[in-house]
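# Observations on chain architecture
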Amino acid sequence: MKARAFDYRRVTSVTEALAAYAGCRGEARYLAGGQSLLPALNLRLDGPDLLIDIGRIDTLRGISVEGDALRIGALTRHAETLSSPLIVAHAPILTEAAAFMAHPAIRNLGTMGGSLALADPASELPACMRALGAVIEIAGPAGTRNVAADDYFRDLFETVLAPGELLSAVRVPLARPDIRMRFDEIARRRGDYAMVGLAAHLAFSGDVVETARLAFCSVGPTPMRAPAAESALAGRSLGPESIAAAKAALAADLAPDDDDALSAAARMHLARVLLGRVLSALGDGPQRAEAA
Ligand SMILES: Cc1cc2nc3c(=O)[nH]c(=O)nc-3n(C[C@H](O)[C@H](O)[C@H](O)COP(=O)(O)OP(=O)(O)OC[C@H]3O[C@@H](n4cnc5c(N)ncnc54)[C@H](O)[C@@H]3O)c2cc1C
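Residues numbered from 1 in each chain as written. Predicted model: local features only at pLDDT ≥ 70, side-chain atom pairs only at ≥ 80, totals over all residues. Heavy atoms only, no water.

### Considering the environment of Leu167
- For Leu167, the position within the fold is in strand β10 (residues 166–173).
- For Leu167, a relative accessible area of 6% translates into the label buried.
- Once the C-alpha coordinates of Leu167 and Glu137 are considered, the two residues, 30 residues apart in sequence, prove to be 6.0 Å apart.
- Sequence-distant contacts of Leu167, that is, excluding residues within four places in its chain, are made with Ala74, Gly113, Leu116, Ala117, Ile136, Glu137, Ile138, Tyr152 and Leu161. (Helix = DSSP H or I, 4+ residues; strand = E, 2+ residues; numbered from the N terminus. Buried < 20%, exposed > 50% of the residue type's maximum accessible area, 1.4 Å probe, protein only. Contact = heavy atoms within 4.5 Å.)

### Considerations on the pairing of strand β7 (residues 143–148)
- Examined bridge by bridge, strand β6 (residues 135–140) and β7 share six bridges and lie antiparallel to one another. For Ile136, the partnering residue across the bridge sits in β7 and is Val147.
- Connecting β6 to the next strand, β7, in antiparallel fashion are two residues. (Pairing = 2+ DSSP bridges.)

### Remarks on the state of the cysteines
- Scanning all chains against the criterion turns up zero disulfides.
- The cysteine Cys217 is free of any disulfide, with Cys128 supplying the nearest cysteine sulfur at 7.7 Å. (Disulfide = S-S within 2.5 Å.)

### Focus on the sheet that holds strand β1 (residues 7–10)
- The three strands are arranged β1-β3-β2 in an open sheet whose pairing can be described as parallel. Of all the strands in the sheet, the pair left with one neighbour each is β1 and β2 (28–31). Sheet twist, expressed as the average angle between the axes of neighbouring strands with direction ignored, equals 25°.
- Here β2 runs beside strand β3 (residues 50–53); their pairing, made up of four bridges, is parallel. Note on β3: the bridge partner recorded for Tyr30 is Ile52. (Axes fitted to C-alpha atoms, helices over the stretch in contact; angles between N-to-C directions.)

### A few points about the sheet that holds strand β5 (residues 69–73)
- Read from one edge to the other, the open sheet built from five strands follows the order β4-β5-β10-β6-β7, with strand pairing classed as antiparallel. Since the sheet does not close on itself, it has two edges, and those belong to β4 (63–66) and β7, each with one partner. Here the strands of the sheet are splayed against their neighbours by 25° on average, with no regard to which way each runs.
- Both β6 and β10 contribute to a ladder of five bridges, which runs antiparallel.

Set out below in C-alpha cells:
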C-alpha cells in the first residue's frame, strides 16, 4: 500500500513551522524521524494533506545542562539518547531505556519529540519522563508553555498537545547522589515493544526510600504511575519486605485489559515480576547506566 498524495514543506525555524501549520487549509502533520508517521501514512492509517518537515530546525537540537535540569531537544535521535555522555551522567535511565527501543536503523532516525508526541503507551521514553518528573516544553502560536510529564499524557496516543503545537524540548531534573534509577522491560524479543516496562526513580535518605516514582509502560492507555506501590516503599529501607509490599500494592494501581498478545492476568504477573526485579537491583546500590 502507498500513502495518499500529500504536499511537503521543509521548514528551518519553529516560527515557520507554526505558520505552515496555521496556513494549511486541510490536515497537517509535523514530520520528525518519520519512524511512526511514515508507516502510518503507507498503511493509510493517517492521510494528511501536508507534511511539515521539522528535521532541519536547529533550535530543536542539542542536549545541555541548564541550572538543575538537563534540556534535551525534540530532535534528539534515540541513538544520541543511547550514547550522549550528558544523558549517561545526568539521566542514565534514558540511556538504559533507549537500549530497548527498536533496532539501530530506527534509533538512528526516531526522535525524542516524536516519541513523546506520539505517546504510544508501549514506548519506553514516555514512562521514563513520568518517573523522572520531567517537564515538556511546548511551542505554540501564543508562545512556549511547560507541562509536567504527569499532566502531559491524556489517553491512548493522546496528549495535551493542541493541533499545531510543537514539542520543542524536554527538561529532566539532574541525577543526584541520593537518587537511584533504573529502566527494565520484559519483551518477547530484543527490540520488540515491551510486554511490560518499568521506569523507577527512588530518592533515598540514607538507607530509607524518601520518595519513589514508578512508571510502567504497556499496562494501560498511558504510561502509568503506581501510587500505591510508591507509598508502600516510602519511609522504608529497600529490602525483601518492602519490595513484597510494593508488589502486593500493585493490584491497586494497574488494571490492564486482556488483549490479543497477553491476558490481563499474565500482564499483571509480569508487572509484579518486573517490579521485584527492578527494585532488587536498585537495592543493591546506586545505579548508573549500563548501555547495552
Ligand atoms: C519497527 C519499529 C519498531 C519500533 N520499536 C519501538 C520501541 O520498541 N519502542 C519505542 O518507543 N518506539 C519504537 N518505535 C517507534 C520509534 O521509536 C519512533 O521513532 C518514535 O515513536 C517516533 O519518533 P519519530 O521522530 O520517528 O516521529 P514521527 O514518526 O516523525 O512522528 C510521530 C508523530 O509525532 C508527531 N511529531 C513528531 N515530532 C513532533 C514534535 N516535535 N512536536 C509535535 N509533534 C511531533 C508527528 O506529527 C507524528 O504524529 C518503533 C518503530 C518501528 C518502525
